[in-house]
Amino acid sequence: MTPQPVGGPDLWAGLPVLEEPPGENEAAPDLWEDPIPLTGRRERPPFPAHVLPAWLGEFVAAVAEETQTPVDLAGSIALAVLATAAGGRSVVHVRGNWREPTNLYTVVALPPANRKSAVFALLTNPLYEAEKQLKTAMQPVIVEAELTARLAKEAADRAAAKATSAEGNKRDEMVATAVGLAQTADTLTVPAEPVLLADDSTPETVTSLMAEQGGRLSVMSAEGGIFDIIAGRYSGAPNMEVFLKGHAGDRLRVNRQTRREYIDAPALTIGLAVQPDVLKDIGKVKGFEGRGLLARFLYSLPTSTVGDREIITDPVPETMAATYTARVIDLALSLAEWTDPAVIQLSPQADAALIAYQKRIEPQLKARGGMLGHISNWAGKLAGATARMAALLHLAEHGGNGYAHPVTGDTMGAAIELGEYYTAHALAVFDVMGADPVLSRARSVLEALRDNRWDDVSRRDVFTVLSRSEVPTVADLEPALALLEDHGYLRSYQPERTGKRGRPPAPRLLAHPALSQGGR
């Protein structure tokens, strides 16, 4: 039997074929070959900065050079920056009734001392400047609206007071006038001060801010505290509704005694840089996977450069930084006034490229045998995420008037390359999270074999020491045992009969000698 490795056939080329387990009454061989690791080392390609428009790709590369950080960090943050500028103000029309908003959820995982905050500052500074300019432009409008609303309220109050003290026929006329003025005053609203960015805000704060901002908001942070907040650090229970609907653009309505908020088309962007342990922790939070929150993120798990960094580096050229700042601010400001979102169309070539990509992905989603079957919740959203990235690359190239031009086939090809990058990294991240239940159970079996130093054990004994929440039945254990056999950790054999009557004894398991010795 040829082993079927977790990491794909290419990772296992040239490894020995395992022998079939011994049959009934056949002595198990004493010689064991080294077992094949359960998870091969995932191929994690570097972020393809070359697919970004020149002004953006050059800046990303220059930031990575100056800070001596993986280009993945600046690249993923750059996509979140574009999504912040355009999210909620543009959508991409794929085909038929299929439209995707242009907001994204991205998360990069790197250990401490990788200068995440420095990279975040360089990439997000233009967004804060754009927010400042929006506030300055809106200030006179807010002042005028506040004054108008106050005067209207005062006029309505005076009219109500006069109507109260009026007599005879004049009373009805004055009441009608007071009602009319009160209704007018009630229709006057004061626009909220523009906000593009929030930090690790509570779900309630995010919802309120999005309602004030016409459905648009971005949560950008060089820490992973937002995951703790979603998981219920302050409320005691997970609260992820706004984060689910804010990604999909589904209508969000909050009706509570203290507040009522309606958002017809929410568009939330999240850009995070976290430590790898955060990914392990969120994979264990009840509801995150089942509700689909984890499936909404584009994950990047680059290799740390700590220990290999240059001490003296070239700073980002001033002209390059100025161009980046100007282009981000221009995109944010040019789309800020849109109430109905700008619609980005795909060219026939772009649509054909996306269709071909979808046809390539679909067979990989099969639960049995599909390379992406164990992360189908995530991979099922990959085509939509690719369309979103194509629209963002298109807007980065054309600015706020990108709606006047269709997305080209080349731009869609660039987005597909990004999709392949994030797929490779998602596979590695979900390995960390333990998304594959068979693989997770197999690891638990290995731990049990090591802890108990078993060299010959029954299936029931193994099952007995495992958690029922992880392995509810013996039948759930079998795929994990089969995987361990395929990888050379176990051998199944049939013990000899001790008598002529009765059922034959149940098959038993031989463990690799290294396990009983506490080895790998």
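The paragraphs below set out a description of the structure included in this document. (Residues numbered from 1 in each chain as written. Predicted model: local features only at pLDDT ≥ 70, side-chain atom pairs only at ≥ 80, totals over all residues. Heavy atoms only, no water.)

The next thing to look at is the side chain of Asp 351. Summarising the element assignment, Asp 351 is placed in helix H10 (residues 348–361). If near-sequence neighbours (up to four positions away) are discounted, Asp 351 is found in contact with Val 94, Arg 95 and Leu 346. (Helix = DSSP H or I, 4+ residues; strand = E, 2+ residues; numbered from the N terminus. Contact = heavy atoms within 4.5 Å.)

The next subject is the pattern of salt bridges. Tallied over the entire structure, the rule returns 13 salt bridges. For Asp 456, the salt bridge is made with Arg 508, and the minimal N-O distance between the two is 2.8 Å. Of the two residues, Asp 456 sits in strand E11 (residues 456–458) while Arg 508 sits in strand E13 (residues 508–511), which places them 52 residues apart along the sequence. In the salt-bridge network here, residues are joined through shared partners; they are Glu 131, Lys 135 and Glu 193. (Salt bridge = Lys/Arg side-chain N within 4 Å of Asp/Glu carboxyl O.)

Bringing the environment of Pro 504 into the picture now. Examined against the element boundaries, Pro 504 turns out to sit in the loop between strand E12 (490–493) and E13. Expressed as a C-alpha distance, the spacing of Pro 504 and Leu 151, which sit 353 residues apart in the sequence, is 93 Å. Those residues within four positions of Pro 504 in sequence are excluded, and the remaining contacts are Gln 494 and Arg 497.

Okay, the nonpolar core next. Counting residues in hydrophobic clusters, the biggest one holds 115 residues, and the most contacted among them are Leu 79, Leu 123, Phe 243, Leu 268, Phe 297, Tyr 299 and Trp 378. For this core, the element with the most residues is helix H13 (residues 409–433), which contributes 13 residues. Once you skip the residues sitting within four places of it in the chain, Tyr 299 turns out to touch Val 107, Leu 279, Leu 294, Trp 378, Tyr 422, His 425, Ala 426, Val 429, Phe 430 and Met 433. Among the nonpolar cores identified, the runner-up in size contains 23 residues, and Leu 38, Leu 449, Phe 463 and Leu 483 belong to it. (Core = buried A, V, L, I, M, F, W, Y, C linked by side-chain atoms within 4.5 Å. Buried < 20%, exposed > 50% of the residue type's maximum accessible area, 1.4 Å probe, protein only.)

On to the pairing of E12, then. Across the two faces of E12 the burial is the same, with Leu 490 and Ser 492 and Arg 491 and Tyr 493 all buried. Direction of pairing for E12 relative to E13: antiparallel, over a ladder of 4 bridges. For Tyr 493, the partnering residue across the bridge sits in E13 and is Arg 508. (Pairing = 2+ DSSP bridges.)

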